[in-house]
Amino acid sequence: MVYYLIALIVFLVDQGTKYLIATRLELGEQIPVIGNFFLITSHRNRGAAFGILQGQQWFFFLVTVVVVAGIVWYLNKTRHSRKMLSVALGLVLGGAIGNFLDRMISGEVVDFLLFNFGSYSFPIFNVADSCIVIGVGLILLDSFRDLKNGEEITEIKEVKEAKEVKEGNE
């Protein structure tokens, strides 16, 4: 249940910050936070992360429904045994639902976090994007941790065991 609370908090913070940006700033308006390095910028994105796949709303709808259903199923399956993975899935779930709601209501996502590194500007993003990226990073970390400890994912063990039984019967 805690992992769904994490998803809810991510969703609420994401939607709250997007609401503030959409209602308080004009499109394209910028507020410097740390000089020219970090700016709050009112921007809209009709695509996926970093502006890819512009205008592919049905694709995003289908992918998000499948991903959210998969996360909920897997979260219910692993929430007691894999804490880091469950936290990661909660972060991804909250972020995915936050961006999904934007796309369903207005056909675009409100982005507002802009970082400049000299002449390079990192693509503008939002809280949901941040939580999705952090969640995916934790999923990878959890996977690498299991591999380092010599553990294998249950599904891989089951496939190996089934293969060994099949080979033993031949």
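Everything numeric here is computed off the predicted structure, so don't read it as measured data.

Conventions used here
Residues numbered from 1 in each chain as written. Predicted model: local features only at pLDDT ≥ 70, side-chain atom pairs only at ≥ 80, totals over all residues. Heavy atoms only, no water. Helix = DSSP H or I, 4+ residues; strand = E, 2+ residues; numbered from the N terminus. Buried < 20%, exposed > 50% of the residue type's maximum accessible area, 1.4 Å probe, protein only. Contact = heavy atoms within 4.5 Å. Areas by Shrake-Rupley, 256 points an atom, 1.4 Å probe, with all protein chains shown as cover. Salt bridge = Lys/Arg side-chain N within 4 Å of Asp/Glu carboxyl O. UniProt positions renumbered as here; feature names shortened; annotations may be inferred. Pairing = 2+ DSSP bridges. Axes fitted to C-alpha atoms, helices over the stretch in contact; angles between N-to-C directions. Polar contact = N/O pair within 3.5 Å; in protein donor to acceptor, adjacent residues only side chain to side chain. Expected span 1.5 Å × (residues − 1). Arc of directions from axis to C-beta.

Here's the deal with the overall build of the protein
In step 1: For the protein, the helix and strand inventory stands at five helices and four strands.
In step 2: N-terminal to C-terminal, the α/β element order of the protein is α-β-β-α-α-β-β-α-α.
In step 3: Buried positions account for 34% of the 170 residues belonging to the protein.
In step 4: Expressed as a percentage of contacts within the protein between residues at least 6 apart in sequence, the contacts between residues at least 24 apart total 62%.
In step 5: Summing over all exposed atoms, the protein offers an accessible surface of approximately 10,500 Å²; the carbon and sulfur share of this is 69%.

Considerations on the pattern of salt bridges
In step 1: For the structure shown, the criterion picks out five salt bridges.
In step 2: Of the charged contacts in the structure, one is a salt bridge between Asp 14 and Lys 18, with a shortest N-O distance of 2.8 Å. Placement of the pair is Asp 14 and Lys 18 together in helix H1 (residues 2-24), with a separation of four residues, close to one helical turn. The residues Asp 14 and Lys 18 share a single accessibility class, namely buried.
In step 3: The salt bridge partner of Asp 142 is Arg 145, with a shortest N-O separation of 2.8 Å. Of this pair, Asp 142 and Arg 145 both sit in helix H4 (residues 127-148), separated by three residues, roughly a single helical turn.
In step 4: Taking relative accessible area as the criterion, Arg 145 reaches 38% and is therefore assigned partly exposed.
In step 5: Each of Asp 14, Lys 18 and Asp 102 takes part in one network of salt bridges that share partners.

Points about the UniProt feature "transmembrane region" (unreviewed entry) in the protein
In step 1: As recorded in UniProt, the feature "transmembrane region" (unreviewed entry) lies at residues 58-75, 84-101 and 121-141.
In step 2: Each end of residues 58-75 is marked by a C-alpha atom, and these two atoms are 25 Å apart; helix forms 100% of the span and strand 0%.

Some remarks on the sheet that holds strand E2 (residues 38-45)
In step 1: Pairing is antiparallel across the open sheet formed by four strands, whose spatial order is E1-E2-E3-E4. Edge positions in the sheet fall to strand E1 (30-34) and strand E4 (120-121), since each has one partner strand and no second.
In step 2: Bridge count for E2 against strand E3 (residues 109-117) is six bridges, and the pairing is antiparallel. Paired with Phe 38 across the bridge in E3 is Phe 115.
In step 3: Set on the sheet, H1 makes contact with E2 and E3; between it and E3 the angle comes to about 85°.

A few points about the side chain of Asn 99
In step 1: Here Asn 99 is to be found in helix H3 (residues 83-106).
In step 2: Classification of Asn 99 by relative accessible area gives buried; the value is 5%.
In step 3: At 2.8 Å, the side chain of Asn 99 and the side chain of Lys 18 are in polar contact.
In step 4: One polar contact links Asn 99 to Asp 129, side chain to side chain, over a distance of 2.8 Å.
In step 5: Non-local contacts of Asn 99, meaning those with residues more than four positions away in its chain, are made with Asp 14, Lys 18, Val 109, Asn 126, Ala 128, Asp 129 and Ile 132.

So, helix H2 (residues 57-78)
In step 1: For H2, built from 22 residues, the straight-helix expectation of 32 Å at 1.5 Å per residue is met to within 8% by its first-to-last C-alpha distance of 31 Å.
In step 2: Restricting attention to buried positions, one finds in H2 the residues Phe 60, Thr 64, Val 68, Ile 71, Leu 75 and Thr 78. Buried residues of H2, seen end-on, are gathered within an arc of 115° and therefore sit on one face of the element. The exposed residues of H2 that point more than 90 degrees off its buried face are Trp 58, Leu 62, Val 66 and Trp 73.

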